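Structure at a glance
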Amino acid sequence: MRLSRYLLPILREAPREAEIASHRLMLRAGMIRQQAAGSYSWLPLGLRVLRKIEAVIREEQNRAGAVEILMPTIQSADLWRESGRYDAYGKEMLRIKDRHERDMLYGPTNEEMVTDIFRAYVKSYRDLPLNLYHIQWKFRDEVRPRFGVMRSREFLMKDAYSFDIDKEAARHSYNRMFVAYLRTFARLGLKSIPMRAESGPIGGDMSHEFIVLAPTGESEVFCHRDYLGFDTPAADTDFDSADGLQAIVDRWTSLYAATSEMHDEAAYGAVAEAERVSARGIEVGHIFYFGTKYSAPMGASVTGPDGKEHEVHMGSYGIGPSRLAAALIEANHDEAGIVWPDAVAPFDVALLNLRVGDAATDAACADLEAGLRAAGRDVLYDDRDERPGAKFATADLIGVPWQLIVGPKSLADGKVELKRRATGERVLVTPADALHRITG
Ligand code: P5A
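Rules used throughout
Residues numbered from 1 in each chain as written. Predicted model: local features only at pLDDT ≥ 70, side-chain atom pairs only at ≥ 80, totals over all residues. Heavy atoms only, no water. 1 Å grid on protein atoms, 1.4 Å probe; cavity = no way out; pocket = protein on both sides within 12 Å on 5 of 7 lines; lining within 4 Å. Points joined across faces, edges and corners; volume = space filled by probe spheres on them. Helix = DSSP H or I, 4+ residues; strand = E, 2+ residues; numbered from the N terminus. Nonpolar A, V, L, I, M, F, W, Y, C, P; charged D, E, K, R; others polar. Buried < 20%, exposed > 50% of the residue type's maximum accessible area, 1.4 Å probe, protein only. Pairing = 2+ DSSP bridges. Near = heavy atom within 4 Å. Polar contact = N/O pair within 3.5 Å; in protein donor to acceptor, adjacent residues only side chain to side chain. Areas by Shrake-Rupley, 256 points an atom, 1.4 Å probe, with all protein chains shown as cover. Sits in = over half its atoms within 2 Å of the grid points. Axes fitted to C-alpha atoms, helices over the stretch in contact; angles between N-to-C directions. Contact = heavy atoms within 4.5 Å. Core = buried A, V, L, I, M, F, W, Y, C linked by side-chain atoms within 4.5 Å. Phe/Tyr/Trp six-rings, centres within 6.5 Å; stacked < 30°, edge-to-face > 60°. Lys NZ or Arg CZ within 6 Å of the ring centre and 35° of its normal.

**Details of empty space enclosed by the protein**
This model, assessed by the stated rule, comprises two cavities of 30 Å³ or more. Listed by contribution, the elements that provide at least two residues to the lining of the largest cavity are strand 19 (349–353), strand 20 (379–382) and helix 12 (388–398). Examining the composition of the lining of the largest cavity, we find that four residues originate from one element, helix 12, more than from any other. Residue composition of the lining of the largest cavity, grouped by class: six nonpolar, one polar and two charged. Considered as a void within the structure, the second largest cavity measures approximately 30 Å³ in volume.

**A word on the pairing of strand 10 (residues 206–213)**
Burial of strand 10 is extensive: seven of the eight residues sit out of reach of the surface. Where strand 9 (residues 192–196) and strand 10 come together, five bridges link them in antiparallel fashion. Paired with Ser192 across the two strands is Val212, which belongs to strand 10.

**A few points about the site of the ligand**
Around the ligand sit 23 residues, and of these Thr109, Glu111, Arg140, Ser152 and Glu283 come closest. A distance of 2.7 Å separates an oxygen atom of the ligand from a polar side-chain atom of Arg140. In the complex, the protein chains occlude 96% of the 600 Å² of accessible area that the ligand would expose alone. Judged by the fraction of its atoms near the pocket grid, the ligand is located in the largest pocket. Where the shell around the ligand is concerned, the elements lending two or more residues are strand 8 (154–164), strand 13 (276–291) and strand 16 (313–319). Broken down by element, the residue count for the shell around the ligand peaks at five residues, all from strand 13. The residue makeup of the shell around the ligand, split by class, is nine nonpolar, seven polar and seven charged.

**A few points about the sheet that holds strand 21 (residues 402–406)**
By definition, the strands of a sheet pair up through backbone hydrogen bonds, in either a parallel or an antiparallel sense. Pairing is mixed across the open sheet formed by five strands, whose spatial order is 20-19-21-22-23. Two strands close off the open sheet at either side, each with one partner strand: strand 20 and strand 23 (426–429). Adjacent strand axes in the sheet meet at a mean angle of 20°, parallel and antiparallel pairs treated alike. Where strand 19 lies against strand 20, four bridges are found, and the strand directions are parallel. Across the sheet, Val349 pairs through a bridge with Val379, a residue of strand 20. Sitting on the sheet, helix 11 (residues 359–374) touches strand 19, strand 20, strand 21 and strand 22 (416–420), and the angle it makes with strand 19 is about 170°.

**Topic: the nonpolar core**
Of all hydrophobic cores here, the largest spans 82 residues; its most connected members are Met26, Met31, Ile53, Leu324 and Trp340. Among the nonpolar cores identified, the runner-up in size contains 25 residues, and Trp80, Phe118, Val122 and Val312 belong to it.

**Let's talk about the environment of Ala395**
When you line up the elements, Ala395 lands in helix 12. A residue is classified by how much of its surface remains accessible, and Ala395, at 3% relative accessible area, is buried. Note: C-alpha distance between Ala395 and Ala29 (366 residues apart in sequence) is 9.7 Å.

**Side note on the packing of aromatic side chains**
The description of an aromatic ring pair rests on the distance of the ring centres and on the angle between the ring planes. The full count for this structure, using the stated rule, is 15 aromatic pairs. An angle of 70° between the planes, with centres 5.8 Å apart, marks the rings of Tyr6 and Phe347 as edge-to-face. Residue Tyr6 is found in the segment before helix 1 (21–28), and its partner Phe347 is found in the loop between strand 18 (337–338) and strand 19; the two are separated by 341 residues along the sequence. Pair check on accessibility: Tyr6 and Phe347 agree, each one buried. Measuring from centroid to centroid gives 5.3 Å for Phe222 and Tyr268, while their planes differ by 70°, and the two rings are edge-to-face. Within this pair, whereas Phe222 is found in strand 11 (residues 219–224), its partner Tyr268 is found in helix 8 (residues 265–269), the two being separated by 46 residues in sequence. Looking at Phe222, the relative accessible area reads 8%, which means it is buried. Members of the aromatic cluster, connected to one another through ring pairs, are Phe178, Tyr181, Phe185 and Phe210. It is Arg95 that lies over the ring of Tyr86; its NZ or CZ is 4.7 Å from the centre. Stacked on the ring of Phe230, the Lys or Arg Arg251 has its end atom at 3.9 Å from the ring centre.

**Description of the sheet that holds strand 4 (residues 74–76)**
Reading across from one edge, 4-6-5 is the order of the three strands in this open sheet, with antiparallel pairing throughout. Single-partner strands in this sheet number two, and they are strand 4 and strand 5 (94–97). The average undirected angle you get between the axes of adjacent strands in this sheet is 40°.

**Overview of the environment of His208**
With respect to the helices, strands and loops of the structure, His208 is situated in strand 10. Given the relative accessible area of 8%, His208 is considered buried. Sequence separation between His208 and Ile117 is 91 residues; the distance between their C-alpha atoms is 26 Å. For His208, the residues in contact, after removing those within four places along its chain, are Tyr174, Phe178, Pro194, Met195, Arg196, Ala197, Thr253, Gly285, His286 and Ile287. Here Tyr174 takes part through its side chain, which lies 2.7 Å from a polar atom of the side chain of His208.

Structure follows, in structure tokens:
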């Protein structure tokens, strides 16, 4: 990708309205643009990051046995009347009327709609367990949208919904998502801690929030320090083994961890003082088991092995990919800008031509770009007629993991400069060696 033909609206000054680093940096790096309160366009650089986050989430959902679908954003109020949530949901729900004066709404979540899909097609216990998910925009008319995409009104959610014959089977489905979430956040380079949480308008009596500790987080949380050292479940975890998954979940819930709503001073007080962590955190995921809350009023049942009808036991499982983009920046930045982890970086390499129009640097850059692309790397080629200082600042701000710097002086000695954004380490190497180090 040539920067001269890209849309990368860098801001020199930190925008005043942005209170936290991720919001400031997303605006400064031209990732997002505010369109209304709590509503953002994703510009090219931001969209690349969002897509990378989605890809990791999707891989782990699929690994855990969930099946992808796509449901609409606009829903009919009638479905929500069936569950009783149309009246219960309150002002966070954006209510709309169509031209026939029918009540519609912009979905804040999809429990009702997915239950409708389920009841239309699934009739037998033989078709269970089933877990359907989608990655779709949601709207919640938040009282206080803030911190950019961290708490916005329109936001992206991965929401999965599980269906099982009974509570025991539903527990296995819950555990699958629990483990998939641990893996997802770890692959994104984040240490997440599952914490006992309130279930709010989604409902049910078992619920965990996945929290990433961060001083700017909106949630007040309390947990045992040992969680910070726990290992992530391996990629070859057997998701079909109910006992195996239960053992992982038991370990990850064995110590104290709760959000402020569920905080139990006495239980926390029993943790040795040196082991207590009282901190702020970002809720990046939230999972729920709510039994037959939706299946009973909406008539979602299957014929069991006993020949009788059984209302299915359900759970739902959410991750906020757009919030994660911000959370990742909170965890990965310095004074100069963003420092993307490899897994979600918008590009793998920023190629900086320090003298555009010079035949030798132009040719060397063209060769390097071709070589990197052939090796499957995404390259942002800074071919603008700009001062080197501006190019360095842009590359540091947008936080691409590798910077490959091609200037006439070094090139005359057959060398280019390779910089690793995360460490600041720079080496002068031949172009071939640079390619080898990046792709090796
Ligand atoms: C679970 C999936 C639910 O809605 N129904 C379907 C359940 N859960 S939740 O906790 O309310 O939301 C799931 C995740 O979505 C992200 N999120 C947000 N992201 C940005 N801005 C918001 N206003 C916002 N609200 C929720 C969070 O990551 C949350 O864990």
